[in-house]
Structure formats: C-alpha cells, structure tokens
Amino acid sequence: MAAAGEGEPCGLCGAAAAPYTCPRCNRRLCSLGCYRGHGGCAEAFYREQVLQALETERDSPPGRDRLATALHRLRQLGEAEDSAGPLGRDLWKSLSPAERADFQRLLSSGEAATLLPPWRPWWWRRPPRLVEELGRPQAEEDEDGEAAASPPALLPAVITPLSRLPAPPPSPLLPFQLPNILYGYTFALSLHTGDETLLPELPAAVLDVSAALRGRRAFASTAEALRAARYDVSVAGYPQCPLGDAGTVLAVVQILEGREGRNDGEDVAVALLHLERLFRKGKSDLPKEERHRFGKAQRKCRYLLAWSREAPETLAVLAEEARNVHASVAGEEAGAAALREEAERGWGGPRPPQTELISTRVNK
C-alpha cells in the first residue's frame, strides 16, 4: 500500500485524510483497517500468484484433490488456446462455481500456499543427514536446491547495555515475552514470504499476533506465550502461513537455538534488529496514532535485544521449552491429519458427498 497525497477522501469510510493508495485498484484509503476491509485485492493477488505458479510447473502431475486436478486440466486447455490475455484469468473464468468455491476455501485456509514455490527464511536449516556427501556445498539447501535466505542484518559492533537504557529493571516474566514476539515475527515474515516492500502490512501483522508488542501483556511460561500468539492469529483472521502452526513454533525454536557456528543469542539479536528496522521503516508514512504504536514496539525490541545479549543461558532454557511446545503441537496436527485422511477415505474425496450434506440439512 503506497503512500500518496491527502487531496481525496478515504474510499471506504470517507475520512478526509487518506494518505494511502491501493496498488491494485488505486482507491484512496486512510488506515490499515480500511485497507484490509476495502475489497478482495490481496486475495485476488494471491489467487493470481497461485495460478501463475500452476501454469509454470508444466511437468508436475495433477494435484491430490479435485481442485488441483481441475486446475491442471484447465491449464492444459489454456495452453492450447490462442486467446489473448493472461492465462491465469482464462483459467479462473473456466472454473465451475464448485471449483471456484474450493479455490476460495484454499485461499482462506492458507492451503493455497502449498501450491507456490517454497520460500526458505534466513533462520531455516536443513534437517540433519545420516550421511553427508563428500564435496557437497556448505550452503543449506533442500532437496529442490532452494537455499535459505541470507540474514537480514548484521550485528552492530556495540549494543547498548541494558543498564544504560531508560527503563526499569527487567521483570522475572520478561523472558517469556521473547517467544511471543518471535512467533509474531516468524509468522508475519513467512506469511508475506519475506517481502519487506509490504509496509506497513508486514510489521502490522507482527503486532496483530504478538500481544507482548501491543501492550503490557505478561506471560507466566513459554507455553502460554506461544499459545497466546497462536490464538491471536485466529482472532485476527489471518490464513495459516506456509510454515503451518507447528512449523511456526519450530521457527521460534530455531532462532532461539541459533544456527550452527553462530555465537549464543546471535540469531535472536538478528531477528530483533530486523524487527526493529521493519517497525522503523513501516511507521514513516502512518498516521500519528499508528506511528506511536510502531514506535513503542520498536523500543520494546531494542530493550529485549539488550536483555538477550546478557542472558544466553535463559535463551537456551526458552529454546528447550519451545521445543517441547513444538512436539505437542506437531502431535496435535499429526492426529488431526490422520482423522482427516480417515474421513476422506470414507467420503471418497476431500469433501463429504453432496447428498449427505443435503440429507443433514433436511434432518435439521
């Protein structure tokens, strides 16, 4: 959402000051709330990206479910046509109402992200191999050759000590703020595939998910801090990010543990510095109230950065506790997936038979 002049009123609520312009429909908007509520621009963009990814993956087999199969078929038909215009629009127009409904479900649930090429964040690391290949490059790559992104910032030569910051001594509950903030950071960055041009949407998503950055929210444990962030994702109405719920918790673990060969707490410092920079860049064109919120979050990151550099032992404890949470969440997801697969085998597809749905409604 690009900043612009304020000569026109907001196209949604009519406010006089409308400093933003939607990059897709050029409607003038006054705030993040109006941007999110003004229409389906973001969803349409996401839809086009998925369709484009499907169009470029010509050698891939049809997908697992009815929707992916239909898209694969329509892609082949579209390739044989000489019609003008982007193929993505031709595919969308060719979908039946039921296929469009399934596609919208994929978008709202976050499952559509699985159709896009994988994005590897800077903290990602390859699972350990039982046998390392001689001469293999040291860059962390997955089976498809996708390397992790480079860290977004280097540590400064000097970080202000905690004792020199104008703030009270840290509370015993302060450490539990960090997992909550890191969950918001990894969720928002993964949801937006690391695109830092999405300002102020990216840091705003961190605020939506991290209660520790929004105000004086205290947590009594790492599990409570992560549970609160997961809950806030659903309350804010965000789709599931490509990492999934358990994957986002694992990202928190990886940052707390740090990559191999790094100093203790270095990756935590990189994440907090990156987040502080996002808030600083994101607040530049915001209204005063939003700038104040971003500024408070920026100062909180700076305070936690100073604290974390003096508490490597505590970071190790947080990492172990977060790993226990990950094991629990991963177990829940595996159980839910097993139940879903069992139900789909009974239905003969990803959805209950239409006749069964009709019968249920009539009985009600």
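Rules used throughout
- Residues numbered from 1 in each chain as written.
- Predicted model: local features only at pLDDT ≥ 70, side-chain atom pairs only at ≥ 80, totals over all residues.
- Heavy atoms only, no water.
- Helix = DSSP H or I, 4+ residues; strand = E, 2+ residues; numbered from the N terminus.
- Polar contact = N/O pair within 3.5 Å; in protein donor to acceptor, adjacent residues only side chain to side chain.
- Salt bridge = Lys/Arg side-chain N within 4 Å of Asp/Glu carboxyl O.
- Buried < 20%, exposed > 50% of the residue type's maximum accessible area, 1.4 Å probe, protein only.
- Axes fitted to C-alpha atoms, helices over the stretch in contact; angles between N-to-C directions.
- Left-handed = near helix turned anticlockwise from the far one by under 90°.
- Contact = heavy atoms within 4.5 Å.
- Nonpolar A, V, L, I, M, F, W, Y, C, P; charged D, E, K, R; others polar.
- Core = buried A, V, L, I, M, F, W, Y, C linked by side-chain atoms within 4.5 Å.
- Phe/Tyr/Trp six-rings, centres within 6.5 Å; stacked < 30°, edge-to-face > 60°.

In the annotation of an unreviewed UniProt entry, the entry for the chain reads ZNHI2 protein, and the organism field reads Pandion haliaetus.

Asker: Summarise the side chain of Asn 180; cite the residues concerned and give the values.
Answerer: Locating Asn 180 in the fold gives a position in helix 6 (residues 177-191). A polar contact of 3.2 Å, which involves the side chain of Asn 180, links it to the backbone nitrogen of Ala 211.

Asker: Kindly report on the pattern of salt bridges, identifying the contributing residues and their values.
Answerer: The full count for this structure, using the stated rule, is 10 salt bridges. Of the charged contacts in the structure, one is a salt bridge between Glu 266 and Arg 262, with a shortest N-O distance of 3.8 Å. Residue classification places Glu 266 among the buried positions, given a relative accessible area of 16%. A salt bridge links Arg 293 to Glu 290; the shortest N-O distance between them is 3.4 Å. With a gap of 3 residues between them, Arg 293 and Glu 290 both fall in helix 12 (residues 288-308), about one helical turn apart. Residue classification places Glu 290 among the buried residues on the basis of a relative accessible area of 19%. Where salt bridges share partners, they join Glu 196, Arg 277 and Lys 281 into one cluster.

Asker: Quick one: what's the story with the packing of helix 6 against helix 9 (residues 222-236), residue by residue and with numbers?
Answerer: Relative to each other, helix 6 and helix 9 sit at 35°, their axes nearing to 8 Å. When you trace helix 6 past helix 9, the crossing you get is right-handed. Where helix 6 abuts helix 9, its residues Pro 179, Asn 180, Tyr 183 and Phe 187 lie against Thr 222, Ala 225, Leu 226, Ala 228, Ala 229, Arg 230 and Val 233. The residue makeup of the contact of helix 6 with helix 9, split by class, is 8 nonpolar, 2 polar and 1 charged.

Asker: Account for the nonpolar core, naming residues and giving values.
Answerer: By size, the foremost hydrophobic cluster in this structure holds 65 residues, and its most contacted members are Leu 178, Tyr 183, Leu 213, Leu 256, Phe 279 and Trp 307. Looking at this core, the elements with two or more residues in it are helix 6, helix 7 (201-209), helix 8 (211-214), helix 9, helix 10 (244-257), helix 11 (266-282), helix 12 and helix 13 (312-347). Filtering out sequence-adjacent residues up to four positions away, Phe 279 remains in contact with Pro 203, Val 206, Leu 207, Leu 213, Phe 294, Ala 297, Gln 298 and Cys 301. With 7 residues, the next largest nonpolar core counts Cys 10, Cys 22, Leu 29 and Cys 34 among its residues.

Asker: Account for the environment of Asn 180, with residues named and values stated.
Answerer: Overall, Asn 180 belongs to the buried group, its relative accessible area being 0%. A sequence separation of 46 residues divides Asn 180 from Leu 226, and the C-alpha atoms of the two residues are 5.4 Å apart. Among all residues touching Asn 180, those that are not within four sequence positions of it are Ser 210, Ala 211, Ala 212, Phe 219, Ala 225, Ala 228 and Ala 229. Of note is the side chain of Asn 180, whose polar atom sits 2.9 Å from the side chain of Ser 210. Polar side-chain contacts of Asn 180 include one of 3.1 Å to the backbone nitrogen of Ala 212.

Asker: Tell me what's going on with the environment of Leu 315, and back it up with residues and numbers.
Answerer: Among the structural elements, Leu 315 can be located in helix 13. A relative accessible area of 2% means that Leu 315 is categorised as buried. Sequence-wise, Leu 315 and Gly 265 are 50 residues apart; in three dimensions their C-alpha atoms are separated by 7.0 Å.

Asker: Help me get a handle on the packing of aromatic side chains, residues and values and all.
Answerer: The full count for this structure, using the stated rule, is 4 aromatic pairs. Taken together, a centroid distance of 5.9 Å and an interplanar angle of 50° make the contact between Trp 123 and Tyr 185 tilted. On the criterion of sequence distance, the pair formed by Trp 123 in the loop between helix 5 (97-109) and helix 6 and Tyr 185 in helix 6 is long-range, its members being 62 residues apart. Between Phe 279 and Phe 294 the ring centres are 5.4 Å apart and the planes differ by 80°, which places this aromatic pair in the edge-to-face class. Of this pair, Phe 279 sits in helix 11 while Phe 294 sits in helix 12, placing them 15 residues apart in sequence. A single burial state applies to Phe 279 and to Phe 294, both of which are buried. The structure contains a cluster of three or more aromatic residues connected by ring pairs, namely Trp 122, Trp 123 and Tyr 185.

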